[in-house]
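Below are the chains, spelled out letter by letter.
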Amino acid sequence: RELTSRMVRRTYVIYPPQTIYKEWKARGDTESLMAIEGGLSGWASEEDDLCEACCCRDDGKGEPVCCCCAPCSETGLTFTRLLLSRPGRLCLLFTFMLLLYLFYLGVSWSVEVQAFGEESTAIRTGINTTRAKEVLSSLCDAYNRNEVSGDACHRLCFNQEWTVADFYEGNKVVVVIKDGGQQAVFKSLHPYIQDYDSPPKGEKEEDFARRIRDKTDDELMLGWPTDLIDHLLSILWPSHLRSGGQQLSQADRRSLWALMQQPEYLTFRILPLSRVTPKVIGSCGHMYEVESLVAFRMKGYYMNLKGKILVHLMGTLKLFYEFLNEPLQWCDVRFDNLGLSAEYPKRFVMMDGDLLFTESKLKALMTAKSCKNDADCAIGDCTSRCQADFKCGPRNNENLDVFCEKLINKLFGNAWSKSNKYLNACHDTVTNTTTKLNDLRLTWSWTLSDV
């Protein structure tokens, strides 16, 4: 009987159990039937892929009914039985492949950021640390005299034994210091607070707030509503929000007004929704602290990563065109001006925002220029034509054109395929720009939906 029971279980895998049962019953094979009914309590149906050896029970009509994949003392489909079944094994394989893929994405992004930023945490040699400390000391002296303020002042000036990791002084001043094992990046258009105009003393709070609004609108031309001036102040000067809307002190006003004279500060503070600008962490006097980015400097061995670099470039371009109803115009397109942020995958972040404009602002700048020829109308990489009245017209090239010319073509040269929509947009000389952008938007919606 034991042998017969084992044979029944083994035979089930090949033959439908109901067929065997009926055949033995018709034949009157009493011994085999006793083995089935005594040793097992149920049969699986012919379509049941979950069972390889089922138990059988009687349904009261003399027919076997599928119950489960275990002896009759156990009921229900347990987790272990599911894992041993064919669908269970397929689920395990799929889950393993998915986890492997996610692990690969995480490792590749980590390795990529480390590779791009292998020199970002090192202290650069040959920098003028004396000059850097002189700029910071002057700022902290003004803070200690209550002449300036800011949410980054206490941390910056509490212990003035700075470790300067980098310093640059040119079209702006950039000081990078080591701060608790991390880097703190402070920027300013001019080195000293005295280099900026001061706000009028005794000015009413409402008048000062209105001047802040006018300055913002003049710089970005976003048409900031007058009834949201208090909200604007909270964005430009977060301490105003934290203080519950208290009036600004004279040190607050002097510091904020110095920051308002720096276009990059306004761009970084007002346009974070663009997701292509670094975050402003805080400010002290005329200097503002931005997040530390991994500087991207194009190197020869990065050609092995040019596929990923292309995705990052297209992610950045996508965000320029999709910013609200004011597409951003970038007129300083170069690899050295690109950075990587761990919080923003599949895109680059602007290291320098001096030549990043809203569409309305760039149009106003260009049409206000006088010219003798087309060369007089260029603002960085943004070009225009000199009109008959010797005034420049609106921009006549696109972000896409400059991205292709100065970035993508340097990566891929003349090697391209029509199947690659990104490269095709750069090399297609027949299709007009509007159609190419529409095709790109469709491609972005599929390939860069998470950007």
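Residues numbered from 1 in each chain as written. Predicted model: local features only at pLDDT ≥ 70, side-chain atom pairs only at ≥ 80, totals over all residues. Heavy atoms only, no water.

A short note on the packing of helix H8 (residues 205-220) against helix H9 (residues 229-236)
This is how it is decided: All axes here are fitted lines through C-alpha atoms, helices being fitted over the stretch that makes contact, and every angle between N-to-C directions spans 0 to 180 degrees. Numbering of helices and strands starts at the N terminus; helices are DSSP runs of H or I of at least 4 residues and strands are runs of E of at least 2. Roughly parallel covers angles under 35 degrees, roughly antiparallel covers those over 145, roughly perpendicular covers 65 to 115, and oblique covers all other angles. Residue contacts follow a heavy-atom distance rule, with two residues in contact if any of their heavy atoms lie within 4.5 Å.
Remark: H8 packs on H9, axes separated minimally by 10 Å, with the N-to-C direction vectors making an angle of 75°. It follows from the interaxial angle that H8 and H9 lie roughly perpendicular. Contact residues: H8 offers Ala 209, Arg 210, Ile 212, Arg 213 and Thr 216, while H9 offers Ile 229, Leu 232, Leu 233 and Leu 236.

Focus: the packing of aromatic side chains
The condition is simple: Within 6.5 Å between ring centres, the rings of Phe, Tyr and Trp (the latter by its six-membered ring) count as paired, and their orientation is classed by plane angle as stacked under 30 degrees, edge-to-face over 60, tilted in between. Charge-over-ring contacts are defined here by two conditions on Lys NZ or Arg CZ: a distance within 6 Å of the ring centre and an angle within 35 degrees of the ring normal.
Taken as a whole and assessed by the stated rule, the structure comprises eight aromatic pairs. Through a chain of ring-to-ring contacts, the aromatic side chains of Phe 296, Phe 335 and Phe 348 assemble into a single cluster. Directly above the aromatic system of Trp 257 lies the positively charged group of Arg 211, at a separation of 4.2 Å from the ring centroid.

Examining helix H6 (residues 129-144)
Test applied: To estimate the expected span of a helix, subtract one from its residue number and multiply by 1.5 Å. Working definition: with a 1.4 Å probe on protein chains only, accessible area under 20% of the residue-type maximum means buried, over 50% means exposed, and in between means partly exposed.
Across its 16 residues, H6 extends 22 Å between first and last C-alpha, which sits within 8% of the 22 Å expected from 1.5 Å per residue. Within H6, the full set of buried residues consists of Arg 131, Ala 132, Val 135, Leu 136, Leu 139, Cys 140 and Ala 142. Elements in contact with the buried residues of H6: helix H7 (153-157), strand E3 (163-169), strand E4 (173-179), strand E6 (280-284) and strand E7 (287-290). Directly beyond the C-terminal end of H6, a positive phi value near 60° is found at Asn 146.

With respect to the sheet that holds E6
Quick note on the threshold: Two strands make a pair as long as DSSP finds a minimum of two bridges between them.
Across the sheet, five strands lie side by side as E3-E4-E5-E7-E6; this open sheet has antiparallel pairing. Here the strands that pair on one side only, and so sit at the sheet edges, are E3 and E6. Between one strand axis and the next, the sheet turns through 25° on average, direction left out of account. Contacting E3, E4, E6 and E7, H6 runs over the sheet at an angle of about 95° to E3.

A closer look at the side chain of Thr 277
Applied cut-off: Polar contact criterion, stated in full: a pair of N or O atoms within 3.5 Å, where within protein one must be able to donate a hydrogen and the other to accept it, and residues adjacent in sequence count only if both atoms are side-chain atoms.
Mapped onto the fold, Thr 277 is located in the loop between helix H12 (263-270) and E6. On the basis of relative accessibility, which here comes to 2%, the residue Thr 277 falls in the buried class. A distance of 3.4 Å separates a polar atom in the side chain of Thr 277 from the backbone oxygen of Leu 271. The residues contacting Thr 277, other than those within four sequence positions of it, are Thr 267, Phe 268, Leu 271, Pro 272, Tyr 344, Val 349 and Leu 356.

Some details on the state of the cysteines
Put simply, the rule is: Disulfides are defined in this document as cysteine sulfur pairs within 2.5 Å.
The final tally for this structure, using the stated rule, is six disulfides. Between the sulfur atoms of Cys 153 and its disulfide mate Cys 284 the distance is 2.1 Å. Around the S-S axis, the bridge from Cys 153 to Cys 284 shows a dihedral of about 105° and counts as right-handed. Remark: Cys 284 occurs in strand E6 and Cys 153 occurs in helix H7; sequence separation between them is 131 residues.

Remarks on the confidence of the model for the protein chain
To be explicit about the condition: Each residue carries a pLDDT score, the predictor's confidence in it, ranging from 0 to 100.
The pLDDT averaged across the protein chain works out to 80; a share of 75% of its residues lies at or above 70. Of all secondary-structure elements in the protein chain, the lowest mean pLDDT belongs to helix H1 (residues 2-12), at 43, while E7 reaches the highest, 97. pLDDT under 50 marks residues 107-115. Its contacts with residues more than four places away, or in other chains, come to 12 contacts.

A word on the sheet that holds strand E11 (residues 344-350)
As a general point, the strands of a sheet are linked pairwise by backbone hydrogen bonds and lie either parallel or antiparallel. Taken in spatial order, the three strands of this open sheet run E8-E10-E11, and their pairing is antiparallel. Every other strand in the sheet has two partners, leaving strand E8 (294-295) and E11 as the edge strands with one partner each. Both E8 and strand E10 (residues 338-341) contribute to a ladder of two bridges, which runs antiparallel. When the bridges of E10 are listed, Val 294 appears paired with Leu 340.

Notes on the packing of H8 against helix H11 (residues 250-260)
Our working rule: Handedness of each helix crossing follows the sense of rotation of the near helix against the far helix: counterclockwise by less than a right angle gives left-handed, clockwise gives right-handed.
For the pair H8 and H11, interaxial distance at closest approach is 11 Å and the crossing angle is 15°. Between H8 and H11, the angle is such that the two are roughly parallel. Crossing of H8 against H11: the hand is left-handed. Only Arg 253, Leu 256, Trp 257 and Met 260 of H11 make contact with H8, whose side of the interface consists of Glu 205, Phe 208, Arg 211, Ile 212, Lys 215 and Thr 216.

Considering the pairing of E11
For E11, the buried fraction is high: five of the seven residues fall into the buried class. Note: E10 against E11, three bridges, orientation antiparallel. In the sheet register, Gly 339 faces E11, and the bridge partner there is Val 349.

Side note on the pattern of salt bridges
Threshold: One speaks of a salt bridge when a side-chain nitrogen belonging to Lys or Arg is within 4 Å of a carboxyl oxygen belonging to Asp or Glu.
Counting across every chain of the model gives 18 salt bridges. Two residues, Glu 134 and Arg 131, come together in a salt bridge whose shortest N-O distance is 3.1 Å. Taken together, the residues span about one helical turn, with Glu 134 and Arg 131 both in helix H6 at a distance of three residues. Its relative accessible area of 40% is what places Glu 134 among the partly exposed residues. Note that Lys 318 and Glu 322 form a salt bridge whose closest N and O atoms lie 3.0 Å from each other. For Lys 318, a relative accessible area of 6% puts it in the buried group. Exposure remark for Glu 322: the relative accessible area of 40% places this residue in the partly exposed category. Residues joined by salt bridges that share partners form a network here, namely Lys 172, Lys 187, Glu 264, Asp 352 and Asp 354.

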